[in-house]
Amino acid sequence: LKQRRSPSPIAPAAARGRLGPGAQSAEVMGTEVMETKQGRTRRPPSSGKEADGEGTRVRVCVRLRALPHADSGAGLYVRSPSDPGTLHVLPAPDAADKPEREFAFDDVFMGNVTQEAIFNSLCRPLCTHVIRGYNSCCFAYGQTGSGKTYSIFGEKGEDRGIVPRALEFLFAEVDRRQKVTGQGIKASIFVSFVEIYLDQVYDLGKAVKLQEAEEAAGATGGARAVAGGVRTGGAEYLPQHGRARQLMSDKQRERRTSNAADLRKRIRTDIRESSDGGIFVDGLEQMQVTTIAEVMGVINACSALRATHATMLNEVSSRSHTVFTLTLVQTNAQSQNTVRGKLHLVDLAGSERVKKSGSEGQRLKEALTINRSLSALGSVV
């Protein structure tokens, strides 16, 4: 799980910290960037605790997916008792001649660590920074089937992931601050959902808006519908494997495929560079939301449009990268000063070995594009 935090242009001046070559494993890697108008400065690694009491440097952590059978992975990996951030990977019983390997992280989360503990350790400090006007980022990186989407989005109840828990925290904190200050602070929350599939950028939020407009034009009323019959609304994330499969005739399936292709053309966009050197997604749909249920409705609708497919390694393999962005805008009613912070939560597509995944045709093209983009990301980090 990678975290990145950088001040927004209106945030207080801060130094820029850069992380050297990061550790890698089948699960994670990470970096943090901090920048000011005065330029860049190098800061030595800290303990992760600054004057404000919150962790501000980059944290690179590894999460081990719980194995189907408790004893099937016994003795294959060990967390160092003297150094919680060190993971020892032992050779398999049938490869005893191979050496033991050691990986260093900021923290190691074993298979029995809860979703709540993951959020509290990794993302809660980032949410605090967003409230203070900083831009933060947390993303999951790893091979296909390692549990990235589960970590970021999760499932229902106690299994909900980082995204719904971050929403709960931010909405509660904004509500608390408004009660303390009365009407002194006005807060607005906007969300966007971007997909990168085969190196093309798609605005899934725009797709939801287009389909809502078509639904309204049809004057059918009731719940809002999106492609495939999945409805928005509801305060919980509905994982892909939990979605009901529609029974369709060949003509219905052909019409749905044609409609989906047409929709893809309409929501495709590009990443551009602004005059001040920043980057932005051209025409990105920013949806204002007021409740957690509303946000989760948007997420469910967008997730239903995401490219997924079964492979030999994963029944519901994400074939694209997604970036969910929450923007918190706070305005002081008296001074009209505005503080803007963004939280980017990224679910990367998983790397895979084509020989093991059995990818062919379009799946092979997707796999090669995914692996190439992850290699490029590693080079950037």
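Quick note: structure is the one above.
Here the structure is a predicted model, which means the values were calculated and not measured.

Q: For this particular structure, what's the right way to read the nonpolar core?
A: The nonpolar side chains of a soluble globular protein tend to be buried, and buried together. Among the nonpolar cores identified, the biggest contains 48 residues, and Leu-167, Ile-299, Phe-324, Leu-343 and Leu-345 are the most heavily contacted of them. Counting residues per element, this core draws most heavily on helix H4 (residues 162–181), which supplies eight residues. In this view, Leu-167 contacts Ile-292, Val-295, Met-296, Ile-299, Phe-324 and Leu-326; residues no more than four positions away in its chain are not counted.

Q: Looking at this model, I keep getting lost on empty space enclosed by the protein. Mind explaining?
A: Over the atoms a probe the size of a water molecule is rolled, and this reveals where empty space is left. Taken as a whole, this structure holds one cavity of 30 Å³ or more when the rule is applied. Along the walls of the largest cavity sit Ile-196, Tyr-197, Leu-198, Asp-199, Arg-319, Ser-320, His-321, Glu-366, Thr-369, Ile-370 and Ser-373, which together make up its complete lining. If you list the elements that add at least two residues to the lining of the largest cavity, you get strand S8 (185–197) and helix H9 (362–380). When residues in the lining of the largest cavity are grouped by element, the largest group, four residues, is from H9. Partitioning the lining of the largest cavity into residue classes produces four nonpolar, four polar and three charged.

Q: Sorry if this is basic, but what is going on with the pattern of salt bridges here?
A: Proximity of charged atoms lets side chains of opposite charge pair with each other. Taken as a whole, this structure holds 12 salt bridges when the rule is applied. A salt bridge links Asp-282 to Arg-272, with the shortest nitrogen-to-oxygen separation between them at 3.2 Å. Remark: Arg-272 occurs in strand S11 (residues 271–273) and Asp-282 occurs in the loop between strand S12 (279–281) and strand S13 (287–289); sequence separation between them is 10 residues. On the accessibility criterion, Asp-282 (34% relative accessible area) is partly exposed. For Arg-272, a relative accessible area of 40% puts it in the partly exposed group. A salt bridge links Glu-366 to Arg-319; the nearest nitrogen and oxygen atoms lie 2.8 Å apart. Of this pair, Glu-366 sits in helix H9 while Arg-319 sits in the loop between strand S15 (317–318) and strand S16 (321–332), and the two are 47 residues apart along the sequence. One salt-bridge network, in which partners are shared between bridges, spans Arg-59, Arg-79 and Asp-107.

The rules behind each value
- Residues numbered from 1 in each chain as written.
- Predicted model: local features only at pLDDT ≥ 70, side-chain atom pairs only at ≥ 80, totals over all residues.
- Heavy atoms only, no water.
- Core = buried A, V, L, I, M, F, W, Y, C linked by side-chain atoms within 4.5 Å.
- Buried < 20%, exposed > 50% of the residue type's maximum accessible area, 1.4 Å probe, protein only.
- Helix = DSSP H or I, 4+ residues; strand = E, 2+ residues; numbered from the N terminus.
- Contact = heavy atoms within 4.5 Å.
- 1 Å grid on protein atoms, 1.4 Å probe; cavity = no way out; pocket = protein on both sides within 12 Å on 5 of 7 lines; lining within 4 Å.
- Points joined across faces, edges and corners; volume = space filled by probe spheres on them.
- Nonpolar A, V, L, I, M, F, W, Y, C, P; charged D, E, K, R; others polar.
- Salt bridge = Lys/Arg side-chain N within 4 Å of Asp/Glu carboxyl O.

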